[in-house]
Structures are given as C-alpha cells and as structure tokens.
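If you want the building blocks of each chain, they are given just below.
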Amino acid sequence: MTDTQSYLFYQTRTPRPFLDRGEGIYLYDESGKRYIDASSGAMVSNIGHSNPRVLAKMKAQMDKATFGYRLHFRTHPSEDLAAKTVAMTPDGLDRVFFVSGGSEAVESAVKLARQCALATGQGRRHKVISRYPSYHGCTFGALDLTGYDPLREPFAPMMEGMPKVAAPTTYLDRDALSEEERGIRYAELLRDKIEEAGPDTVLAFLMEPIGGASTGALVAPDSYYTRIREICDAYGVLLIFDEVMSGAGRTGKFLAAEHWGITPDIVALSKGFGAGYAPLGAIIAGARLVEPVLDSGGFQHGFTYAGNPLACAAGLAVLEELENHNLIENAARMGEVLKAKLQALMARYPIIGDVRGKGLLLAFELVADRETMQPLPKDWNAHARLVEIAYDLGLIIYSRRTRGGIEGDHFLICPPLVITEPQIDEIMHLLDTALARYAE
Ligand code: PMP
C-alpha cells in the first residue's frame, strides 16, 4: 500500500504516516520519526505503548484460548478482572458487565437502568437526562444522549430525543457568583429539568464527571457533584457517570467520582481500562440494581465479544500495572507538575485563556481575549492548525472546536500515566515551539 492509496474511509482525508511501533510515551512512524503521544491516543494508552509485562500476559493467554463465548464457559481472566475492578472501585459498586468500547458501555448502562426500573415496578421511568455539551459515543443510542448538535444533526431525526441540561462551565457567571454558588446553581438546573420532564418518568441522569472531548477537561465546582447526587436521590433518579475518559486512573484516582466522595449508581468505563491493548470496556453497578434484574429473568443484553478472555487478560494486566507501579499516584503527582508548567506557559502566551483539569486529564484553551474569554474566530481553525504544527514537531495533542454552552478551541494534554518529569519537559519544549510558530 502506498502513502496515498487506501481503501479505508475514516473521518478525515488528511494523510498520516504509517505507524511502525510504540514504546512507553513514544510512537514511531515507518520513516523512524519519533512522536510524543501527549494525548495517549484518544486518552486510551494510559500505561504507555508496548508494555512488555502486559504483552507477556496476553501472549500467555493467547497460547491457551483467545475466545470462549461467555454463555458457554466461565473464564479466569474475566472473573479475575471483574474482581480486581470491584476491588479498585469505591464500596457499593460490586457487579461488573464487560463490553468492548465506550459507546457500548454507555448504552449498556442505560439498558441496565431501564431493566432495573422495570424489575422494580417503576416502568414509567424511561427518560435519560444528559448534559449539553457532552460526548457519550457514536452509536445511535449513545449519540442520542450526546449533547452536541453538530454530531447529531447529520443523522436527524434520531430516536425519541432525550432531555438535555446545561453543563457547568468554569467561567460563565464567574464574577457574579462564588465558586460554590455556581456549582449549586448548575446542579439545580437538573432539578428543574426533572420537574419539567415529569419526575416519575425520569430514569437516569448521565454525565461525564469531567468533560473530555466535549468541554476540554472542564471540572465543575465541588458543590455541583454533591448537589447532583442529592437531587438524584431525592427523585429516585439513577446517577450514571460516563468515566470512559476520566476513569481507570487518569485523574489521579481510579474513578474521577472519588474526588468528591460520591458514588454513582452505574459507571461506564473503557479507553484506559484496556489501555490500547484490547478493545475493552465495562459497566460497574451495585448489587442493589443488578440483583432485581437477574431475579426477573436476567439482563437482556450482551455483545458477542464481551468478556472475551484475551481482552480480559489484557485488562487485568493493565490494572496490575496501575497498582504495581503506583501509576494512579503518578498521574496525580505528574498532573500537578504538568498543570503548573502549562500555567507558566499561559503567563507567556496571552492567547491561552485557561488551563484546567485534574490529574493527567488536562487542557488549555486558546482565546481572542482572556478577560472576556471571547473565542478565536472560527475560520482561523486554530484547533486544527496548532495540532498540525505540533504533529510536524513530533508532538501529538488532541483538540476540538466546540460550540454551544462554551465555544472555543480546546487542546487536551493527556500523556500516559507512566510519564516522568523530564518527559513533561520534552512536551513543554515542543508545545512552546508549536505555540511560537502558531503566533508567527
Ligand atoms: N464517552 C466518553 C466520555 C468518550 O470520551 C468517548 C470516546 N471519546 C465515548 C464515550 C465513546 O467511546 P468509544 O469511541 O470507545 O465508543
């Protein structure tokens, strides 16, 4: 195959070089050029590329069996991965269902919630409120729950159209209200939305605890999370956290939910859970939700590849890496270092309007005016241009131009959790060079 010929069709026509190999935080193309993977792919490669211990465990499983259908056999990798996942998550989340990706995890969470309502005599509850902006996946159901019109419009009319509520931003109303008041104010929008939808028809509230691609690592005020939990409890609405991007240690805790000491009813995981070694995801829920479903005939749901032993062996090896090498603590520590360095860069480049995030789920935003957070003109295409300049320099970052709720050019800087301080300096040097070239 030549560089220009391809039978594949993806989102973009931009030709990219052929990938040769990966090693830790680095990727190499076939010409030998080295790239720092400062976005872990799409926040996937949490433990870095080509980890030899993970590969060895996968090879050992390959020598035994790569596939066994879950309704025909139990497998040790899937049982062991489920046990390890439960051990790493907060109390109250003790049942696991495997899937192969993030959209599958989101849809599985919603279907579990719905079946739980049916099994407990609450069949009227069917509406799932999600936020605007948000991203929950590209399958029809997950896209219907995604709060981002440009992604949904091409496929309209979609299904029923689920209610949406505004996600909090860090800077709207920042002068008028205190941080705590802003958190409460945004959380109370959920109460209004539940009342408007009809409380006995609302099944669940779905949210990314820290918006990834949708908002560029926006973290809500602490008061938002605790109030959201209270509102869901008051109305008997299930709280589903989409931790596809924020989970598996990325923010310095296994689940981002742990930062606020709240336990969602269902959590969706993927990306860093398989960490690029296998297409893998999971939903984790409490027995309180799952047992009535099993008692009433079982969960009427399941993907063919779900829980396959090879993917689960990879996932288990990934969690062992997180634990044995203290990578979640490293994400917290290195996240502080990286954030401080991004803030120092912001002091030198007025075009950077904000630096934000938790652990190694970090982002910066380019603006026309830092005071008003006025975005750059859309036709400047800043999000794409800076990414291309960085790519040429051998630095991979992940960007989005969002609109609606917040509008702007966001750049996620989310390197693998194995990153060291000297490697952060390499990222910063390249980012500085890229910004200087962009500003030329
Ligand atoms: N939820 C969130 C928060 C995501 O970031 C993504 C992927 N970017 C998904 C769901 C969908 O995951 P997948 O692409 O693996 O289906």
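Remember, predicted model here, so these are calculated numbers, not experimental data.

1. Overview of the overall build of the protein
Part 1 of the argument: What the protein contains, in helices and strands, is 13 helices and 16 strands.
Part 2 of the argument: Taken against the 2.2 N^0.38 rule, which gives 22 Å for 440 residues, the C-alpha radius of gyration of the protein at 21 Å falls within 12% of a compact globule.
Part 3 of the argument: Seen through its principal axes, the protein has C-alpha atoms that stretch 65 × 60 × 40 Å.
Part 4 of the argument: Across the 440 residues that make up the protein, the buried fraction comes to 51%.
Part 5 of the argument: Across the protein, contacts joining residues at least 24 apart in sequence account for 73% of those joining residues at least 6 apart.

2. What to know about the pairing of strand S8 (residues 238-242)
Part 1 of the argument: With 5 of its 5 residues buried, S8 lies for the most part within the structure.
Part 2 of the argument: Covered by surrounding structure in S8 are Leu238, Ile240 and Asp242 together with Leu239 and Phe241, the residues of both alternating faces.
Part 3 of the argument: The β-α-β motif built from strand S7 (residues 202-207), the intervening helix H8 (residues 222-235) and the parallel element S8 has right-handed crossover chirality.
Part 4 of the argument: Sheet analysis places S8 next to strand S9 (residues 266-269), joined by 3 bridges and oriented parallel. Bridge assignment links Ile240 to a residue of S9, and that residue is Ile266.

3. So, the pairing of strand S5 (residues 127-132)
Part 1 of the argument: Where S5 and S7 come together, 3 bridges link them in parallel fashion. Its bridge partner being in S7, Val128 is matched across the sheet by Ala204.

4. Section: the sheet that holds strand S6 (residues 164-166)
Part 1 of the argument: Spatial strand order, S4-S10-S9-S8-S7-S5-S6: 7 strands in an open sheet with mixed pairing. Either end of the sheet is taken by a strand with one partner, and the two such strands are strand S4 (95-99) and S6. Strand-to-strand twist of the sheet, defined as the mean angle between neighbouring strand axes without regard to direction, takes the value 20°.

5. As for helix H12 (residues 382-393)
Part 1 of the argument: For H12, spanning 12 residues, the distance from its first C-alpha to its last is 17 Å, which sits close to the expected 16 Å at 1.5 Å a residue.
Part 2 of the argument: Those residues of H12 lying buried are Ala382, His383, Leu386, Val387 and Ala390. An end-on view of H12 places all buried positions within 125° of arc, on one side of the element.
Part 3 of the argument: Here the buried face of H12 lies against strand S12 (361-369), strand S14 (395-396), strand S15 (398-402), strand S16 (408-413) and helix H13 (421-439).
Part 4 of the argument: With its phi angle positive at about 90°, Gly394 sits one or two positions after the end of H12.

6. Looking at H8
In an α-helix, one turn spans 3.6 residues, which is why side chains three or four residues apart end up on the same side.
Part 1 of the argument: Helix length check: H8, at 14 residues, gives a terminal C-alpha distance of 21 Å against a target of 20 Å (1.5 Å per residue), a fit within 8%.
Part 2 of the argument: Within H8 the residues assigned to the buried category are Ser223, Tyr224, Tyr225, Arg227, Ile228, Arg229, Ile231 and Cys232.
Part 3 of the argument: Structurally, H8 contributes buried residues whose contacts are with helix H7 (179-197), S7 and S8.
Part 4 of the argument: Immediately downstream of H8, the backbone of Gly236 shows phi near 65°, a positive value.

7. Focus on the confidence of the model for the protein
Part 1 of the argument: In the predicted model, the protein carries a mean pLDDT of 93, and 95% of its residues have values of at least 70.
Part 2 of the argument: Here the predicted complex carries an ipTM of 0.99, next to a pTM of 0.96.

8. As for the domain arrangement of the protein
Part 1 of the argument: When cut into domains, the protein gives domain 1 (19-50 + 326-439) and domain 2 (55-324).
Part 2 of the argument: Its C-alpha centre places domain 1 at a distance of 25 Å from the equivalent point of domain 2.
Part 3 of the argument: Contacts between domain 1 and domain 2 engage 31 residues on the former and 37 residues on the latter.
Part 4 of the argument: Of all the secondary-structure elements, those providing two or more residues to the side of domain 1 that touches domain 2 are helix H1 (40-43), helix H11 (327-348), strand S11 (352-358), S12, S15 and S16.
Part 5 of the argument: Sorting elements by how many residues they give to the side of domain 1 that touches domain 2 places H11 first, with 5 residues.
Part 6 of the argument: Split into classes, the residues belonging to the side of domain 1 that touches domain 2 amount to 15 nonpolar, 11 polar and 5 charged.

9. Regarding the site of the ligand
Part 1 of the argument: Among the 15 residues in the neighbourhood of the ligand, the closest are listed as Gly101, Gly102, Ser103, Gly137 and Val244.
Part 2 of the argument: Per element, the largest residue contribution to the shell around the ligand is 3 residues, and it comes from helix H4 (residues 102-119).

10. Focus: the packing of helix H2 (residues 52-64) against helix H10 (residues 309-324)
Part 1 of the argument: At a closest axis distance of 9 Å, the pairing of H2 and H10 adopts a crossing angle of 155°. Between H2 and H10, the interaxial angle falls into the category roughly antiparallel. In the packing of H2 onto H10, the handedness of the crossing is right-handed. Side by side, H2 and H10 meet where Arg53, Val54, Lys57, Met58, Gln61 and Met62 of the first sit next to Pro309, Leu310, Ala313, Ala314, Ala317, Val318 and Glu321 of the second.
Part 2 of the argument: Looking at the contact of H2 with H10, its residues break down into 9 nonpolar, 1 polar and 3 charged.

11. So, the packing of H4 against helix H9 (residues 287-295)
Part 1 of the argument: Between H4 and H9, the least distance of the axes is 8 Å, while the angle of their chain directions is 65°. Compared by their axis directions, H4 and H9 come out roughly perpendicular. In this structure, the crossing between H4 and H9 has a hand that is left-handed. For the pair H4 and H9, contact is made by Leu112, Gln115, Cys116 and Ala119 and by Leu289, Pro292 and Val293, respectively.

12. Digging into the sheet that holds strand S2 (residues 26-29)
Part 1 of the argument: As summarised here, the arrangement of the 4 strands in space is S1-S2-S3-S14, forming an open sheet in which the pairing is mixed. Looking at strand neighbours, the two that pair on one side only are strand S1 (19-23) and S14, the edges of this open sheet.
Part 2 of the argument: With 3 bridges joining them, S2 and strand S3 (residues 34-37) adopt antiparallel strand pairing. Bridge pairing in S3 links Tyr26 to Ile36.

What counts, and where the lines are drawn
Residues numbered from 1 in each chain as written. Predicted model: local features only at pLDDT ≥ 70, side-chain atom pairs only at ≥ 80, totals over all residues. Helix = DSSP H or I, 4+ residues; strand = E, 2+ residues; numbered from the N terminus. Rg over C-alpha atoms; globule rule 2.2 N^0.38 Å. Buried ≥ 20, exposed ≤ 12 C-beta atoms within 10 Å, placed from the backbone. Contact = placed C-beta atoms within 7 Å. Right-handed = clockwise from strand over helix to strand, strands pointing away. Pairing = 2+ DSSP bridges. Axes fitted to C-alpha atoms, helices over the stretch in contact; angles between N-to-C directions. Expected span 1.5 Å × (residues − 1). Arc of directions from axis to C-beta. pLDDT = per-residue confidence, 0-100. Domains from an automatic or database assignment. Nonpolar A, V, L, I, M, F, W, Y, C, P; charged D, E, K, R; others polar. Near = placed C-beta within 6 Å. Parallel < 35°, antiparallel > 145°, perpendicular 65-115°, else oblique. Left-handed = near helix turned anticlockwise from the far one by under 90°.

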